[in-house]
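What the coordinates show
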Amino acid sequence: MSEAGDSVSIADLLDERRHLLDIAHRLLGSTCEAEEVIAETYRRWYELSGPARARITTPRAWLEGVVSSICSTRPTMREQHRDPAAGKNGGAADIAGRTEPEYVEPADRAVHSLQAQRSCPTTPQRHDAVVRTVRRACVTEDAPLLASLLAPDAVAFFDGGGKVRAPIGPVQGNLRVARSLLTLVARHPRISVHTHPVNGRTGIVVRHDRQVAAVISLDIAGHHAVQIWVTLNPDKLRSWNPSRNERGSRASWAHPQAPGPPL
């Protein structure tokens with residue numbers, strides 16, 4: 001199980017990702033190539049064992065070093081124009097066919113187990129009341145209140161999609177989940193937390209300025225949240241952050257119908 005210490009605030013996550021993309025773009029001159037480098041960089045982070053990650057006192061500096069190392073082995077855009085084959089061999093090919101991190105399968109098994117245990121129906125009114133109180137606990141940074149709203153064996157799944165740094169594997173236990181959520185939505189002048197319809201039920205949307213940075217869906221049993229799904233993957237949040245031409249169209253959300261992280 002992942003430790004709450006793997007969590008990073010949304011403001012820091014977005015700043016870190018932009019910083020790494022700037023480095024990669026400056027070295028390669030290509031936005032597409034820079035995105036691929038960042039995906040590979042985070043994949044290497046995910047491949048580290050828990051103790052290995054714990055020994056890295058400054059993750060951002062470690063990630064910067066990996067980005068620079070990967071970029072040094074790739075041709076720049078100027079070199080690719082001289083030798084088109086270089087881009088083909090040195091671009092996306094080196095990460096093509098890679099499977100998702102091994103933590104996905106254990107997470108799926110955990111969801112199967114929890115779904116088998118949870119059958120207590122909850123009225124829409126009670127669901128909404130619990131989610132609104134969870135949101136209030138997050139905004140006021142009230143750890144005891146938040147923990148009391150979570151089942152003792154509550155599980156949270158953080159889907160970074162290899163695009164942002166997020167807890168690896170499920171975070172289990174009301175105290176650990178509470179700490180992870182409070183770290184994620186830590187008070188920041190540019191962060192706001194709102195309740196919002198998510199798959200037809202009340203969920204939580206976290207914005208950084210006007211950009212949706214996280215969508216949180218909660219499964220409620222009785223008076224407690226038993227499963228929390230946190231989507232941070234920018235690709236899966238695109239419908240929540242339409243381009244100028246798409247603004248005005250209603251964002252959609254697909255809560256998982258099968259076990260696993262949202263979408």
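Remember, it's a predicted structure, so these values are computed and weren't measured experimentally.

How each quantity is defined
Residues numbered from 1 in each chain as written. Predicted model: local features only at pLDDT ≥ 70, side-chain atom pairs only at ≥ 80, totals over all residues. Heavy atoms only, no water. Pairing = 2+ DSSP bridges. Helix = DSSP H or I, 4+ residues; strand = E, 2+ residues; numbered from the N terminus. Contact = heavy atoms within 4.5 Å. Axes fitted to C-alpha atoms, helices over the stretch in contact; angles between N-to-C directions. Salt bridge = Lys/Arg side-chain N within 4 Å of Asp/Glu carboxyl O. Buried < 20%, exposed > 50% of the residue type's maximum accessible area, 1.4 Å probe, protein only. Expected span 1.5 Å × (residues − 1). Parallel < 35°, antiparallel > 145°, perpendicular 65-115°, else oblique. Left-handed = near helix turned anticlockwise from the far one by under 90°. Nonpolar A, V, L, I, M, F, W, Y, C, P; charged D, E, K, R; others polar. Core = buried A, V, L, I, M, F, W, Y, C linked by side-chain atoms within 4.5 Å.

With that out of the way, let us pick up the sheet that holds strand β4 (residues 201-208). Strand order in the open sheet formed by six strands is β2-β1-β6-β5-β4-β3, and the pairing between neighbours is mixed. Two strands lie at the open edges of the sheet, namely β2 (171-172) and β3 (191-198), each paired on one side alone. Pairing geometry for strand β1 (residues 150-159) and β2, over two bridges, is antiparallel. Looking at β2, one finds that V155 is bridged to Q172. Sitting on the sheet, helix α1 (residues 10-28) is in contact with β3, β4 and β5 (211-221), with an inclination near 50° to β4. Relative to the sheet, helix α8 (residues 124-139) contacts β3, β4, β5 and β6 (224-231), its axis offset from that of β4 by approximately 20°.

Once their charged atoms are close, side chains differing in charge can pair, the charge on each being opposite to the other. Inspection of the entire model under this criterion finds twelve salt bridges. A salt bridge links R44 to E40, with the shortest nitrogen-to-oxygen separation between them at 3.1 Å. Here the residue R44 and the residue E40 both occupy positions in helix α2 (residues 31-47), the gap between them amounting to four residues, near one helical turn. Relative accessible area serves as the criterion here: at 2%, E40 is assigned to the buried category. Between R190 and D209 there is a salt bridge; the shortest N-O distance is 2.4 Å.

Let's shift gears to α1. Counted at 1.5 Å a residue, the expected span for α1 with its 19 residues is 27 Å, and the 27 Å between its end C-alpha atoms agrees. Residues I10, A11, L13, L14, E16, R17, L20, L21, I23, A24 and L28 constitute the buried set of α1.

This paragraph deals with the packing of α2 against helix α4 (residues 59-72). Interhelical geometry of α2 versus α4 gives an angle of 125° and a closest axis separation of 9 Å. The orientation of α2 relative to α4 falls into the category oblique. The chirality of how α2 crosses α4 is right-handed. Facing V37, I38, E40, T41, Y42, R44 and W45 of α2, the residues of α4 in contact are P59, W62, L63, V66, V67, I70 and C71. Counted by class, the contact of α2 with α4 contains eleven nonpolar, one polar and two charged residues.

We now examine the nonpolar core. In globular proteins that are soluble, nonpolar side chains generally tend to be buried together. Ranked by size, the top nonpolar core spans 42 residues in total, and within it I10, F158, V206, L218, I228 and L232 carry the most contacts. In terms of residue count, the dominant contributor to this core is β5 (six residues). In this structure I228 touches L150, A154, V155, A156, F157, V177, L181, I216, S217 and L218, once residues within four positions along its chain are discounted. Core analysis: the next-biggest nonpolar cluster, separate from the first, contains 18 residues, V37, Y42, L63 and V66 among them.

On to the pairing of β6, then. The element β6 is extensively covered by neighbouring structure, given that seven of its eight residues are classed as buried. The pairing of β1 with β6 spans six bridges and is parallel. Its bridge partner lying in β6, V155 is registered against Q227. The hairpin formed by β5 and β6 contains two residues between the paired strands, and G222 there has a positive phi angle of roughly 65°.

Geometric values such as these leave the question of function open.
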